[in-house]
Amino acid sequence: MTSPQPSDAGDTIELHSDSATTAGTVADESPVSVYESAMTTSRRLTTALKRGVIAPVAKCHFETDRGYPVTQELPDRSESYQFQSHDFTALVRPDEREVCNETYDGRVITPTMLLRNPSVAATLFEQAETLWESTFGTYQPAHTQPNHPGPFPFQELSPAAVADSFETQYQTICESQSLAVAIKAIREDMLSIVADLFETSESELHTPGGTDLSALARADSLRVPYRDDSIAVLRPTTEVQSNTPTRGVIIGCDDTPVGLFAHVTDVTALDPTQETTHAAIRDAMGFDRELDPYVDHDRLDTVPGERIRLQGDLRVERTDDLNGFPEEIARTTRRRENRRLVDEYLESTTLPAEHIWGQNDSPAVSTTLTTTVSETGAVILEPATADGDLELLSYVQLLLSLDHGPAVVYTDYDDVPYIRNPRRPGGLAGTQRLSVAIETAREEASRALEAMLETQRVDIEATARDRASDARVGIDVPKQVNLPVDNHLTFIEAGYAPAVETEPVPVAVPSETTLHIVHDEHNTVTVQVAPGVYRFSLLPRGLQPPADRPRWPSP
């Protein structure tokens with residue numbers, strides 16, 4: 001059930017046609033003024049409709065159906081009354097002497113409902129007058145009508161004029177592409193208006209991950225540490241202060257059809273009470289400079305190390321290491337091959353379910369351990385679990401599955417001197433300190449994986465040499481490069497890029513060529529690029545590891 005929206009029939013609100021329409025022309029007002037004027041009018045109309053029409057009508061129907069007025073309902077027999085007539089519904093709550101949950105034609109009556117649905121607003125007031133007269137009869141000033149509440153409260157109001165005014169105002173609001181309006185609507189929790197401004201659905205705003213703006217859905221309040229005409233950062237706060245990683249949202253103007261974008265970012269290090277800068281927002285989004293989407297650029301003038309936002313969430317960083325690119329590819333290949341082989345062992349090695357408390361299946365060791373692997377074959381293992389016994393068991397299972405280095409002497413649990421056989425009662429570490437057993441097992445498992453990689457060294461080096469050779473040939477004979485970066489259709493007319501599955505995607509450009517970027521929601525980018533290595537990636541989103549979190553300096 002919708003949460004109660006109480007009405008008070010004891011209050012009367014005088015509302016005339018001149019207060020329900022926009023004074024002057026919308027073109028003379030700023031988008032924020034139009035928004036505020038429209039919301040003020042809609043709030044007044046909504047309040048007057050609920051208190052002045054629906055509440056007395058619903059209470060009259062209550063009295064007719066039950067034979068006594070709401071005020072005479074006894075507490076021990078109190079029962080809510082559902083009013084329904086002429087497409088209007090409401091809930092009468094006798095104990096509270098109130099009317100709430102008012103709807104019309106299946107829609108909850110709110111200021112935003114009237115503003116966003118001008119055609120509904122027009123019929124609503126016409127039906128409200130019919131409902132009034134159907135309930136109380138036609139008001140006749142020259143006659144004595146002791147039980148009649150008086151004339152219809154909106155008799156001087158023109159429903160068509162209200163509808164036309166709302167339609168004009170709301171069109172102006174949605175087409176304004178105004179950050180100030182967006183921020184005001186977000187802070188006032190007008191989610192239906194926010195959804196229209198960003199062309200999404202209200203349900204997506206409530207669904208975690210549904211849209212970047214959903215990061216603000218459960219905030220108690222919002223701070224705006226920085227705002228100008230083109231960009232702003234919104235920092236949510238909660239009543240319970242903690243060190244929990246926090247997502248905020250950067251909103252700004254761009255060349256999308258709606259003219260606005262929202263980008264979720266890590267604001268953990270952004271104090272709710274501080275101010276920040278335009279440059280800090282750019283750095284948090286992951287770029288130093290952006291191409292103006294409304295200007296035709298002939299060239300992409302870049303400084304090595306500078307991160308440039310090209311289009312939407314696509315960025316590039318240029319380096320001048322063209323001659324060293326083949327060796328870079330060799331290093332990347334070694335690292336990737338080492339990682340692939342290690343991952344294969346972690347994914348194929350499982351933990352026996354009978355040795356894990358509350359576990360019905362046998363999870364892979366890759367779910368309990370993470371790895372860092374260098375191009376030289378050094379392996380670092382780290383736990384992905386807080387359970388010390390489970391961490392220790394993961395290292396031991398790796399040792400039992402490997403046949404290299406320290407693992408060659410282990411074929412069963414009883415062969416491992418620093419653990420107790422998990423089939424026996426008691427902790428896995430036996431009489432030793434658990435932390436000592438874990439460190440010993442981790443070291444041995446890492447050395448065993450490194451020894452396994454060493455047996456593959458010849459093949460890994462051969463693969464690295466082949467990839468480096470491919471890079472040299474690709475630089476000598478460049479071809480069109482199609483870049484698989486999200487939904488941006490990006491290609492370079494003459495260059496070389498290795499086959500990679502992760503970002504950034506490096507592209508070697510041996511001589512000046514043309515970069516093309518096409519996206520159905522953005523203006524097309526076509527620019528000349530100078531020789532160099534260009535690394536394409538998407539702007540980072542969401543929470544980041546502590547070392548990579550934006551710093552958010554004050555002005």
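Keep in mind that this is a model prediction, so the values were computed, not measured.

About the criteria used
Residues numbered from 1 in each chain as written. Predicted model: local features only at pLDDT ≥ 70, side-chain atom pairs only at ≥ 80, totals over all residues. Heavy atoms only, no water. Phe/Tyr/Trp six-rings, centres within 6.5 Å; stacked < 30°, edge-to-face > 60°. Lys NZ or Arg CZ within 6 Å of the ring centre and 35° of its normal. Helix = DSSP H or I, 4+ residues; strand = E, 2+ residues; numbered from the N terminus. Polar contact = N/O pair within 3.5 Å; in protein donor to acceptor, adjacent residues only side chain to side chain. Contact = heavy atoms within 4.5 Å. Buried < 20%, exposed > 50% of the residue type's maximum accessible area, 1.4 Å probe, protein only. Pairing = 2+ DSSP bridges. Axes fitted to C-alpha atoms, helices over the stretch in contact; angles between N-to-C directions. Parallel < 35°, antiparallel > 145°, perpendicular 65-115°, else oblique. Left-handed = near helix turned anticlockwise from the far one by under 90°. Nonpolar A, V, L, I, M, F, W, Y, C, P; charged D, E, K, R; others polar.

Novice: So what's going on with the packing of aromatic side chains? Which residues, and what values?
Specialist: The final tally for this structure, using the stated rule, is seven aromatic pairs. Members of the aromatic cluster, joined through ring pairs, are Phe125, Trp132, Phe136, Phe152 and Phe154. Here the basic side chain of Arg309 rests over the ring of Phe261, its NZ or CZ set 4.8 Å away from the ring centre.

Novice: I'd like a rundown of the side chain of Thr368, residues and numbers included.
Specialist: Relative to the helices and strands, Thr368 resides in the loop between helix H9 (325-348) and strand S12 (369-373). Here Ser394 takes part through its side chain, which lies 2.7 Å from a polar atom of the side chain of Thr368. Aside from chain neighbours lying at most four places away, what touches Thr368 is Leu351, Glu382, Pro383, Ala384, Thr385, Leu390 and Ser394.

Novice: Tell me what's going on with the environment of Ala441, and back it up with residues and numbers.
Specialist: Relative to the helices and strands, Ala441 resides in helix H11 (residues 434-455). When its relative accessible area of 0% is taken as the criterion, Ala441 is described as buried. Along the backbone, Ala441 and Val396 are 45 residues apart, and their C-alpha atoms lie at a distance of 6.5 Å. Leave out the neighbours within four places in its chain, and Ala441 touches Leu392, Tyr395, Leu399 and Tyr418.

Novice: Please set out the pairing of strand S17 (residues 513-519) residue by residue, giving values where relevant.
Specialist: Look at any regular strand and the pattern is simple: side chains alternate between the two faces of the sheet. Within S17, six of the seven residues are buried, which leaves it mostly tucked inside the rest of the structure. Taken together, the four bridges between strand S15 (residues 488-495) and S17 define a ladder with antiparallel strand orientation. Bridging from a neighbouring strand, Thr490 pairs with Ile517 of S17. Between S17 and the antiparallel strand that follows it, strand S18 (residues 522-529), lie two residues.

Novice: Describe the packing of helix H1 (residues 31-66) against helix H3 (residues 118-136), naming the residues involved and giving the relevant values.
Specialist: Running from N to C, H1 and H3 point in directions that differ by 30 degrees, and their axes come no closer than 10 Å. Considered as vectors, H1 and H3 are oriented roughly parallel to each other. Crossing angle aside, the handedness with which H1 passes H3 is left-handed. Of the residues in H3, those in contact with Leu45, Leu49, Gly52, Val53, Pro56, Val57, Cys60 and His61 of H1 are Leu124, Phe125, Ala128, Leu131, Trp132, Thr135 and Phe136. Along the lines of polarity and charge, the residues of the contact of H1 with H3 split into 12 nonpolar, three polar and no charged.

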